[in-house]
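One-letter residues, chain by chain:
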Amino acid sequence: MLTVAFAALRARWATFVASFVALALGVGLIAAMGLGLASTFDAPKRAPERFASSPVVVMGTDTLAVESRRHLPLPHPHPVDIELVRRLRALGPVVQRGGRDAVGVDAPAAAVRKVVGDRAQVLTGDDRRRADPDSERDAEALVAVNSLLGTAGGVSAFVSVFVVASTFAFAVALRRREFGLLRTAGATPGQIRRLLLTEALVVGTLASAAGCALGAWGAPRLARLLVDGEVAPEWFTIREAAWPFHAAFWTGLLVALAGVWAASRRAGRIRPVEALREADVDTGAMPPGRRLAGLALFAAGAGLLVWTLATDPSGLLKRKTYTTQPMVLITAAALLAPLLLRRTAGLLPLPGVTGMLVRENTAAAVRRTAAVAAPVLVTVALGGSLLGSAATVTEAKAAEARTQTAAQFVVTGDELKPVEPGELSGATLSASASTGVFVREEGTALIRSDARAVSDPAAFASLARLPVVAGDLRDLDDRSIVVNEEWEKHTVGETVDVWLGDGRPASLRIAAVLAIGTGSNGAFITTANAPVAKVDRIDVQLAEGADLDAATDALRRTTGGTVRTTDAWAAATHPRTSPQTRQGLLVVLGIALVYTAIALAGTLLMATSARAGELTSLRLAGATRAQILRVVAGETLLAVAIGTLLGLAVTAVNLMGLGTALAALSAPVTVTVPWGTVGSAAGACAVVAVVAALPPARRVTRI
């Protein structure tokens, strides 16, 4: 069987080129993404900076753990108290740099631990890094890289499986007469299946090995691209790891075998007489198994969307959800494509005799049309769904931020100074500070919620335009809290036990409940419950008739912060999709587009070459070469248009679900369709498809 398989590969090498290239590229991408992911798991070990000269560091408590193994960082770590510092000075020189949260001590660690006891933390060696400002900055800097590479790796695996399976299936369909001849010569269905699986094993092994080499070459260049695009920190590099190569190689081999398995079963069922007499009109292109799988996936995708809307609509706003969920509907649409082709083609006007011939040829060659439309469907649906979802969520957040304050100006800064009396006569000012609160839900889970501490509850209530669903913001005081519907306890008047930003426990009454919105509606407390939090935002509503320029100068001079109008503040703090996020999504879309180009080129080269008899007959019947080329180009463009329409349909379903989720969360609904990106992707697919289809058509019509 191996000898026959090698002979078939040599004789039909052009048929397997597209599968080899697609599989090698997929394995290479998976290997490169895996190497990148392996490099994001651990941040580089840095030497202590703040207290590098002190052998021992005493630091106040900076985490909270309440009957839980999970330690959450406190927004406001405890300072080292003055009495403890006095006692430490008796042991040796004490160094204080940048605040009271930690001090360095030049004394034996055992003696320091004896004095400190359980009043603070004693750090030695590399643990002294925890006292550095932003000690977790390196790990946090890798989060975006990890997310991007994980998403890109998942999309690469999905698209590679999709393209390789589609290419193998179409290549097998073109060889039906060959298999019919083998069956006539005495080959059994099992031998046909084993022949195809052996071919896939050989191609998969060679392509996977080539892909691993490609991944090793491309991973460092991918890292440099991420650094240059400011997605990854400057120090990010690829580290050595073996598991990405194993994962990529065996995934590629499994994809090759899985891609040809279903096609081999269909090939094994070919009867000799049926194959020898079959015309060019496709029959059996939609077997019951494919129809059932497509309907099941469509039901699963639609059901998952409806279930998420009913139980947790905020989940649809998360990047992981709107990145992975469209894949189910994309696969369903691709499986059902042969069933949808004729109906979709009927929506596109094709006038004239050439148009009629294009339409009929497209309807007759279901397998060829579906093989061309499927990768276009993937690219358009991924581009529309990913970029459209990201833009929709960010636009909703910006719109929500603009509508949640009645202030004319918003002043921001790390540590704002209070406005001096008399500077803004008659103005209403609401100062607030960033903090956090912790609550234990379901008896064990310790959850952190971002919060803001307001200095003047009355001014806050008069300027805030928050989506209150119960209670009244005017009831907020030092013994109460404003929560949102995401909290386990969210009934007005109910008492909730929380831990404040500095770790102190408190029992606060719920004064008001907010809608969840886009996720930015956190908790609100007063500054009495966050005394060490620094004011970083002041909302300002001027008195009627006030001089805006003079007020701006006074605010800037007094507070020392950045003064913006509300619209300018919303645009600056809640921008449209960030360049890093957009670049990451474009990388994912670029992967899909490259795969689409390979699939289109390979499919059309195989299909057009296999139509030599049909095209030659048209030439002998009196059609000119120009007319035949126009028909071939028209069929190709019609297949691309069908894939584009199906991709837009999947995009519409996903964006409609996202818009419904925003409405259910009482957030502004601003559905955004990236027409420019979708149009560019479809145009690129059309160019690649026509360029791949016309040269072989010109070659076979020279007679």
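Right above here is the structure, for reference.
Summary of the structure given here. (Residues numbered from 1 in each chain as written. Predicted model: local features only at pLDDT ≥ 70, side-chain atom pairs only at ≥ 80, totals over all residues. Heavy atoms only, no water.)

Considerations on the packing of helix 5 (residues 137-174) against helix 11 (residues 319-335)
- Put simply, helix 5 and helix 11 touch, their axes get as near as 11 Å, and they point 5° apart. Accordingly, the angle class assigned to the pair helix 5 and helix 11 is roughly parallel. In contact with Ser147, Thr151, Val155, Phe158 and Phe162 of helix 5, helix 11 contributes Arg319, Thr323, Met327, Ile330, Thr331 and Ala334.
- Considering only residue class, the contact of helix 5 with helix 11 consists of six nonpolar, four polar and one charged. (Axes fitted to C-alpha atoms, helices over the stretch in contact; angles between N-to-C directions. Helix = DSSP H or I, 4+ residues; strand = E, 2+ residues; numbered from the N terminus. Parallel < 35°, antiparallel > 145°, perpendicular 65-115°, else oblique. Contact = heavy atoms within 4.5 Å. Nonpolar A, V, L, I, M, F, W, Y, C, P; charged D, E, K, R; others polar.)

Some details on the packing of aromatic side chains
- Applying the stated criterion across every chain yields a total of three aromatic pairs.
- Note on Phe41 and Trp243: the rings are 6.4 Å apart at their centroids and 15° apart in plane angle, and the pair reads as stacked. Here Trp243 lies in helix 8 (residues 243-268) and Phe41 lies in the loop between helix 2 (13-38) and strand 1 (56-59), a separation of 202 residues in the sequence. (Phe/Tyr/Trp six-rings, centres within 6.5 Å; stacked < 30°, edge-to-face > 60°.)

Description of the pattern of salt bridges
- Taken as a whole and judged by the stated rule, the model has 13 salt bridges.
- Between Arg448 and Asp450 there is a salt bridge; the shortest N-O distance is 3.7 Å.
- When its relative accessible area of 55% is taken as the criterion, Asp450 is described as exposed.
- Through salt bridges with shared partners, a single network forms among Arg224, Asp228 and Glu234. (Salt bridge = Lys/Arg side-chain N within 4 Å of Asp/Glu carboxyl O. Buried < 20%, exposed > 50% of the residue type's maximum accessible area, 1.4 Å probe, protein only.)

Details of empty space enclosed by the protein
- In this structure the tally under the stated criterion is three cavities of 30 Å³ or more.
- What the largest cavity holds in volume is close to 90 Å³.
- Around the largest cavity, the lining residues are Thr362, Arg368, Thr369, Val372, Leu604, Thr608, Arg611, Val632, Glu635, Thr636 and Ala639.
- Mapped onto the lining of the largest cavity, the elements with two or more residues apiece are helix 14 (366-403), helix 18 (579-610) and helix 20 (625-664).
- Split into classes, the residues belonging to the lining of the largest cavity amount to four nonpolar, four polar and three charged.
- Taken as a whole, the second largest cavity encloses approximately 80 Å³ of empty space.
- What lines the second largest cavity is Leu305, Leu316, Thr321, Tyr322, Gln325, Pro326, Ser389, Asn654, Gly657 and Leu658.
- Every element with two or more residues in the lining of the second largest cavity is listed here: helix 11 and helix 20.
- Here the element with the most residues in the lining of the second largest cavity is helix 11; it accounts for four residues.
- Partitioning the lining of the second largest cavity into residue classes produces five nonpolar, five polar and no charged. (1 Å grid on protein atoms, 1.4 Å probe; cavity = no way out; pocket = protein on both sides within 12 Å on 5 of 7 lines; lining within 4 Å. Points joined across faces, edges and corners; volume = space filled by probe spheres on them.)

Let's talk about a nonpolar patch on the surface
- Together, Val17, Phe20, Val21 and Leu206 line one region of the surface with nonpolar side chains, adding up to about 310 Å² of accessible area.
- The biggest single contributor to the nonpolar patch is helix 2, with three residues.
- In this structure, Phe20 sits in helix 2.
- Overall, Phe20 belongs to the partly exposed group, its relative accessible area being 30%. (Patch = residues over 30% accessible without salt bridge, like charges linked within 9 Å, V, L, I, M, F, W, Y side chains within 5 Å. Areas by Shrake-Rupley, 256 points an atom, 1.4 Å probe, with all protein chains shown as cover.)

Structural notes on the pairing of strand 8 (residues 428-441)
- For strand 8, the buried fraction is high: ten of the 14 residues fall into the buried class.
- Direction of pairing for strand 8 relative to strand 15 (residues 535-541): antiparallel, over a ladder of six bridges. Each bridged residue has a counterpart across the sheet, and for Leu429 the counterpart in strand 15 is Val540. (Pairing = 2+ DSSP bridges.)

Considering the sheet that holds strand 5 (residues 102-105)
- What the four strands build is an open sheet, ordered 4-5-1-6; its pairing is antiparallel. Where the open sheet ends on each side, the last strands, each with one partner, are strand 4 (94-95) and strand 6 (121-124).
- As paired elements, strand 4 and strand 5 share two bridges and run antiparallel to each other. Bridge pairing in strand 5 links Val95 to Gly104.
- Across the sheet, helix 4 (residues 109-116) is in contact with strand 1, strand 5 and strand 6; its angle to strand 6 comes to roughly 170°.

Structural notes on the environment of Met356
- Mapped onto the elements, Met356 comes out in helix 13 (residues 352-364).
- Residues Met356 and Ala371, spaced 15 residues apart in sequence, show a C-alpha to C-alpha distance of 21 Å.

Overview of the nonpolar core
- Counting residues in each nonpolar core, the largest one holds 88 residues, and the members touching the most others are Val159, Phe168, Leu226, Phe236, Leu382 and Tyr595.
- Val159 has contacts with Val378, Leu382, Ala592 and Tyr595, leaving out every residue within four places of it along the chain.
- Counting residues in hydrophobic clusters, the runner-up holds 21 residues, among them Val376, Val380, Ala693 and Val700. (Core = buried A, V, L, I, M, F, W, Y, C linked by side-chain atoms within 4.5 Å.)

A short note on the packing of helix 6 (residues 176-184) against helix 7 (residues 189-228)
- Their axes nearest at 10 Å, the elements helix 6 and helix 7 cross at an angle of 135°. By the angle between their axes, helix 6 is oblique relative to helix 7. Remark: the crossing between helix 6 and helix 7 carries right-handed chirality. Contacts between helix 6 and helix 7 involve Phe179, Leu182 and Arg183 from the first element and Pro189, Ile192, Leu195 and Leu196 from the second.
- Broken down by class, the residue content of the contact of helix 6 with helix 7 amounts to six nonpolar, no polar and one charged. (Left-handed = near helix turned anticlockwise from the far one by under 90°.)

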